[in-house]
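# Geometric and topological summary
Letter by letter, the chains look like this.
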Amino acid sequence: MCGIVGYTGFQDAYSVVINGLRRLEYRGYDSAGIVLDGQGAFSMAKTKGKVDDLVAVSEEMKGKATVGMGHTRWATHGVPSDRNSHPHLSNNGKIALVHNGIIENYDTIKIMLTEKGFTFQSETDTEVLVNLIQYFMDLNPETDFPSAVRYALNEVYGAYAITVMHDDFPGLLVVGRLGSPLAIGLGENEFFIASDASPFVEFTKEAIYLEEGHMATISMEHGVDIRSIADNARIEPAIQELKFSLEQIEKGGYEHFMLKEIFEQPKSVHDTMRGRLLVDTGIIKMAGIFDHLERFNNAGRIIIIACGTSWHAGLIGEYLIEEFARINVEVEYASEFRYRNPIISEKDVVIAISQSGETADTMAALKLAKERGAFIYGICNVVDSSIARITDAGSYTHAGPEIGVASTKAFTAQLTVLSMIALKLGKHNGTLGNAEFMSLISELDALPNKIEETLENTHEIVKEISKDFVNSQNFLYLGRGYNYPSALEGALKLKEISYIHAEGYPAAEMKHGPIALIDENMPIVIIAPKKGHYDKIVSNVQEIKARKGKVIAVVNKGDVQVSSMSDYVIEIPETSECFSPIIAALPLQLLAYYIAVYRGANVDQPRNLAKSVTVE
Ligand code: F6R
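Residues numbered from 1 in each chain as written. Predicted model: local features only at pLDDT ≥ 70, side-chain atom pairs only at ≥ 80, totals over all residues. Heavy atoms only, no water.

Right, let's talk about the packing of helix H3 (residues 106–115) against helix H4 (residues 126–139) for a bit. Close contact between H3 and H4 brings their axes to 10 Å; oriented N to C, the two are set at 45°. Between H3 and H4, the interaxial angle falls into the category oblique. Between H3 and H4 lies a crossing of left-handed hand. Residues Tyr 106, Ile 109, Lys 110, Met 112 and Leu 113 of H3 form the contact with H4, whose participating residues are Val 128, Asn 131, Leu 132 and Tyr 135. (Axes fitted to C-alpha atoms, helices over the stretch in contact; angles between N-to-C directions. Helix = DSSP H or I, 4+ residues; strand = E, 2+ residues; numbered from the N terminus. Parallel < 35°, antiparallel > 145°, perpendicular 65-115°, else oblique. Left-handed = near helix turned anticlockwise from the far one by under 90°. Contact = heavy atoms within 4.5 Å.)

Structure (structure tokens):
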């Protein structure tokens, strides 16, 4: 989604903003722009395309100012174009604004402003907001700039994070937030603004995450002044220490972030378990769960809400929690849950899973569950994200920053957290015996090494296999039990980065429709570990081969039956059935990655996709 960067201090604002925008590229965008404080007039450049395209049309702005802001836009209202790119200027040219989110009532405000003589150059909702600020300043010349921003924000509804500059107030940046994230970095004699902390983590480790409904004025003279948008009440800033480094968000020698993140999984899964899984003493120590065990065990049911890859993790979470803790679990798409008037009782526990912690649908579904009295629990990767902050309790995944748009290490970290939750609940309520618990936690503990082994042993093979499927137009992914969601996830990975149509199915469902698609041109990925309905999968493979489908089988080392019938074989180490999706995910991620690379696709920023989906 859109990215915002702002700066006021002593450095060259152009360089800080442009480098910051590059760090936000992972969010997904289709145009970019920058504006700098000028003496008497803003200097501004904006263009459809990438940050490199922006640099090509703006390089002469370098070294000319110490205050400025920039934006990467992911089109919502109006096509990606130079005109619709941000910043947007007010009619008098004095106010510049960048915006992430959607102003839902922009059309009624536009009509009102048009009647007052305002004109509009773009199709965006953002241009309406910047002119509304001018309108309030024109209405009463006594109105100062931050107050006019506040008045305007009180008139709009929807979701926004904004940064605004006024030409008559050099050095002053006004920011506001409702539903879209915004962080303020506190440096020595400098301040940064960004959609997340990655643009400024190299300069400071201190940040304020602006809360919902808050705005701030930021200047070298007066520092950061935070107010409530509703009533202008002053708010004490809560300063947080940033716990990640610049190295963690750079590519570290890999060609793409996605590949780097795939190979980080031995570490990210280990980090997710670190200090929580104490194998020697047979303890799973997760503060978020530990303090609320009774709430979970007495829950009428657990509802898991999420989107995309996180929803797939939720499906595996359902299997895990039902198997080991015997608590009824339902898994819902957040976007459906929020609009279908679901039955939620105060006894329910709602678990939201979100890598970014900012997904608009998941956030809205959580708010609904909270309003109706459910206990809400978050599994997020981004620390202090909006979802993490509104939940009653939660567990971070600790996978580290995930930059590639396609989720990889966050998925396996989510599965690790869900495994620990299920085992912990099962042990506590007595549905999982001690011997089985001990055996499962030592298997869980062994996963980082098995992940490492899998990546080492499958990388080259998968790379080779991928070459044969560069021109495929369709793919089927099949799995059973715990690996049915693995099939869905494998298909999603492939379609989102390679643009090849792919479907995931429970293998037994094949007969109910998809089998009609199978011929010699249809590649079918079968996830067939030893433990987990293996015999049934053998029959499915026979049915496929009888129709000449091309089988790529993901099997355990030493497998004979499925392997002998398959066209391509990828061997993974054995583990407990319930953890097999964590291992199976790895070759599927690599397969999607290499097919996409060989097709020349932009793997880290696939077309039309955004890393953090902050609009519904
Ligand atoms: C797929 C992918 C998306 C996200 C989805 C939810 O690779 O990344 O499907 O999983 O947009 O995002 P989060 O987990 O941030 O809520």
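Another aspect to go through is empty space enclosed by the protein. Here the structure, examined in full by the defined rule, presents two cavities of 30 Å³ or more. Roughly 60 Å³ of volume is contained in the largest cavity. Cys 2, Arg 73, Trp 74, Thr 76, His 77, His 86, His 99, Gly 101, Thr 124, Asp 125 and Thr 126 together form the lining of the largest cavity. Here the lining of the largest cavity is built from residues that sort into two nonpolar, seven polar and two charged. Of the volumes computed, that of the second largest cavity is approximately 40 Å³. Phe 411, Ser 486, Glu 489, Gly 490, Lys 493, Pro 581, Ala 585, Leu 588 and Gln 589 together form the lining of the second largest cavity. (1 Å grid on protein atoms, 1.4 Å probe; cavity = no way out; pocket = protein on both sides within 12 Å on 5 of 7 lines; lining within 4 Å. Points joined across faces, edges and corners; volume = space filled by probe spheres on them. Nonpolar A, V, L, I, M, F, W, Y, C, P; charged D, E, K, R; others polar.)

What the largest pocket holds in volume is close to 840 Å³. Along the walls of the largest pocket sit 40 residues, with Phe 244, Asn 381, Val 382, Val 383 and Pro 401 positioned nearest its centre. Going through the elements one at a time, strand S15 (239–241) and helix H7 (265–273) are the ones with two or more residues in the lining of the largest pocket. For the lining of the largest pocket, the element with the most residues is H7, which contributes three residues. Grouping the constituent residues of the lining of the largest pocket by class yields 14 nonpolar, twelve polar and 14 charged.

As a further point, take the sheet that holds strand S3 (residues 43–48). Two orientations exist for strands paired in a sheet by backbone hydrogen bonds: parallel and antiparallel. The strand order across the open sheet built from eight strands is S3-S2-S4-S1-S10-S9-S11-S15, with neighbouring strands paired in antiparallel fashion. Of all strands in the sheet, those bounded by a partner on one side alone are S3 and S15. Going from strand to strand, the sheet's axes swing by 20° on average, the running direction of each strand aside. Pairing between strand S9 (residues 183–187) and strand S10 (residues 190–194): five bridges, direction antiparallel. Looking at the pairing, Leu 186 lines up with Phe 191 of S10. (Pairing = 2+ DSSP bridges.)

Assigned domains within the chain: domain 1 (3–242), domain 2 (250–445) and domain 3 (449–604). A separation of 25 Å is found between the C-alpha centroids of domain 2 and domain 3. Listed by partner, the interface residues are 35 residues for domain 2 and 31 residues for domain 3. Taking both partners together, domain 2 and domain 3 bury about 2,800 Å²; carbon and sulfur atoms supply 70% of that area. Summed over the three residues of domain 2 that lose the most area to domain 3, namely Met 258, Tyr 319 and Glu 443, the buried surface amounts to 20% of that side. A salt bridge links Lys 450 to Glu 443; the nearest nitrogen and oxygen atoms lie 2.7 Å apart. (Domains from an automatic or database assignment. Buried area = accessible area lost by both parts, 1.4 Å probe. Salt bridge = Lys/Arg side-chain N within 4 Å of Asp/Glu carboxyl O.)

A word on the pairing of strand S23 (residues 474–479). Along any regular strand the residues' side chains alternate between the sheet's two faces. By the criterion of burial, S23 is predominantly enclosed, with five of the six residues buried. Here six bridges tie S23 to strand S24 (residues 501–506), and the two strands are oriented parallel to one another. In the strand pairing of S24, Gly 479 is matched with Pro 506. Of the crossover connections in this fold, the one passing from S23 over helix H17 (residues 483–498) to the parallel S24 is right-handed. (Buried < 20%, exposed > 50% of the residue type's maximum accessible area, 1.4 Å probe, protein only. Right-handed = clockwise from strand over helix to strand, strands pointing away.)

Attention shifts here to the pattern of salt bridges. Scanning the entire structure with this criterion turns up 26 salt bridges. A salt bridge links Asp 361 to Arg 338; the shortest N-O distance between them is 2.6 Å. Linking Asp 361 in helix H12 (residues 360–371) with Arg 338 in the loop between helix H11 (334–337) and strand S20 (349–354), this pair joins segments that are 23 residues apart in sequence. Arg 338 matches Asp 361 in its accessibility class, with the two residues each being buried. Across the pair Lys 530 and Asp 559 runs a salt bridge, and its minimum N-O distance is 3.8 Å. Taken together, the residues Lys 530 in the loop between strand S25 (523–528) and helix H18 (534–546) and Asp 559 in the loop between strand S26 (550–556) and helix H19 (561–565) connect sequence positions 29 residues apart. Through salt bridges that share partners, Arg 177, Glu 212 and Lys 367 make up one connected network.

What follows deals with unusual backbone geometry. The residue after His 86, namely Pro 87, is reached through a cis peptide bond having omega 0°. Backbone geometry places His 533, a non-glycine residue, at a positive phi of 55°. Mapped onto the elements of the fold, His 533 is located in the loop between S25 and H18.

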